[in-house]
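Coordinate analysis (summary)
Below, each chain spelled out in residue letters.
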Amino acid sequence: MEKQQGLRYHEFGKAESVLRLESLPVPEPEAGAVRLRLLAATINPSDYGRMDGRYGSLPELPAVAGREGVGVVESLGAGVEGVKCGQRVRFCDNEAWQEYACLPSDRLMPVPDEVSTEQAAMAFINPPTAYCLLRQFVGLEPGDWIVQNAGNSAVGLAVIQMAKALGIHTLNQVRREELVEPLIALGADQVVLEDSGWERSVGDLTDGKPLRLALNSVGGASAMAQLKALGDGGTQVTFGGMTGEAVRFPTRYLIFSDVRLAGFWWDQYCRKSGRAAVEKVMHAVFGMLAEGSLHLPIAGRYSFSDYKGALAHDQRPRLGKILFIP
Ligand SMILES: NC(=O)c1ccc[n+]([C@@H]2O[C@H](COP(=O)([O-])OP(=O)(O)OC[C@H]3O[C@@H](n4cnc5c(N)ncnc54)[C@H](OP(=O)(O)O)[C@@H]3O)[C@@H](O)[C@H]2O)c1
């Protein structure tokens, strides 16, 4: 039997301890399915969440890690029609860190020719999340201001670029001074350092305009600063918790400022909204990637054999994603 490399875990725990490079069988496509060969896969925070056993959905063990990647159709099972070998598509959405996988042909999500393989490998989780965060909670108008933390994350960079295209101003919280310039170059209107007390003089940053939406993927003090800075009737959407610290809110912001708190999970959006809605969002994301109004940087490329180097790089300060290129 032909063998392939894959990154698999047999128990939940820290990625550095539980992830192993294994030799796995290359699967044969059953009737109605196709075999895909991985071209590029991305490392995301939710990969650690699943390996840790702390994510919103968990696999049966042992499990191949990775949630996002792009592959090419390599062979067709019996009865598959309307799919061509050589077509690039999303690789399987929950076992992406392996060289080959099979998927039912009716679940394939094609990648347009105009979008590069590496940009496509980063297109399926963070950009659609940014797209939904900007559209689903507040009816934003050109000239409005929003705030987000982790401004240099992939979601953050997508929010900056999409907001700019819509004429919406972004105030971005980051942890490192050296991020200010690159974020401004991408289209950010303001970039502030966490713990600098920016929220006390927010009006100076926004020309006196209220912040209508706060996007929180950090938690703790960073989320609290957003709540203090939000305008009356503003909405804070929590979609990540990088610090692991709770979002705390003094009751006064809910009572006197009528602040609204909400949450978002792209996986749940996909489950609840159905394929047509997801395709619509992906169509918009691919359109922006194709025309170049959205571009996500890459901080490093690694083979599966050097997965320890990839994880170590991912956990260092960076601007851009870490990709696995088999
Ligand atoms: N709910 C959803 O559907 C959904 C979808 C996509 C992403 N997300 C969430 O969105 C967030 C960003 O994901 P991503 O893939 O865009 O991230 P990413 O590109 O991997 O970047 C990670 C970001 O997290 C920041 N960070 C790491 N540890 C931190 C800490 N202890 N305190 C504050 N900031 C910290 C990093 O800042 P430094 O550079 O300063 O380290 C960086 O901005 C994650 O929480 C992820 O789970 C949620």
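Check the entry above for the structure.
Along any regular strand, the residues point their side chains to alternate faces of the sheet. Across the 6 residues that make up strand β11 (residues 211-216), a large majority, 5, are buried. Here strand β8 (residues 145-148) runs beside β11; their pairing, made up of 4 bridges, is parallel. Directly across from Gln-148, in β11, lies its bridge partner Leu-215. In this structure, β11 lies alongside strand β12 (residues 230-238), joined through 5 bridges in parallel fashion. Directly across from Asn-216, in β12, lies its bridge partner Thr-238. You can see the chain leave β11, run along helix α8 (residues 220-229) and come back into β12, and the turn it takes is right-handed.

Relative to the assigned elements, Asp-267 resides in helix α10 (residues 266-273). For Asp-267, a relative accessible area of 14% puts it in the buried group. Side chain to side chain, Asp-267 and Arg-67 meet in a polar contact 2.4 Å long. Those residues in contact with Asp-267, other than ones at most four positions away along the chain, are Tyr-55, Ser-57 and Arg-67.

What follows is about the sheet that holds strand β10 (residues 190-193). On the basis of which strands lie adjacent, the open sheet formed by 6 strands has the order β10-β9-β8-β11-β12-β13 and parallel pairing. Edge positions in the sheet fall to β10 and β13 (260-263), since each has one partner strand and no second. Within this sheet the neighbouring strands show an average axis-to-axis angle of 20°, counted without direction. Sitting on the sheet, α8 is in contact with β8, β9 (169-174), β11, β12 and β13, with an inclination near 155° to β12.

The next thing to look at is the site of the ligand. The environment of the ligand is formed by 24 residues, the closest being Asn-152, Arg-175, Arg-176, Trp-266 and Lys-321. Here a nitrogen atom of the ligand sits 2.9 Å away from a polar atom, N or O, in the main chain of Phe-239. For the ligand, the accessible surface in isolation is 930 Å², of which the surrounding protein chains cover 86%. Those elements giving two or more residues to the shell around the ligand turn out to be α4 (126-135) and α5 (154-166). The residue inventory of the shell around the ligand, partitioned by class, reads 11 nonpolar, 9 polar and 4 charged. Shared between two domains, the shell around the ligand holds at least three residues of each, these being domain 1 (3-122 + 296-324) and domain 2 (126-267).

Calculation criteria
- Residues numbered from 1 in each chain as written.
- Predicted model: local features only at pLDDT ≥ 70, side-chain atom pairs only at ≥ 80, totals over all residues.
- Heavy atoms only, no water.
- Buried < 20%, exposed > 50% of the residue type's maximum accessible area, 1.4 Å probe, protein only.
- Helix = DSSP H or I, 4+ residues; strand = E, 2+ residues; numbered from the N terminus.
- Pairing = 2+ DSSP bridges.
- Right-handed = clockwise from strand over helix to strand, strands pointing away.
- Polar contact = N/O pair within 3.5 Å; in protein donor to acceptor, adjacent residues only side chain to side chain.
- Contact = heavy atoms within 4.5 Å.
- Axes fitted to C-alpha atoms, helices over the stretch in contact; angles between N-to-C directions.
- Near = heavy atom within 4 Å.
- Areas by Shrake-Rupley, 256 points an atom, 1.4 Å probe, with all protein chains shown as cover.
- Nonpolar A, V, L, I, M, F, W, Y, C, P; charged D, E, K, R; others polar.
- Domains from an automatic or database assignment.

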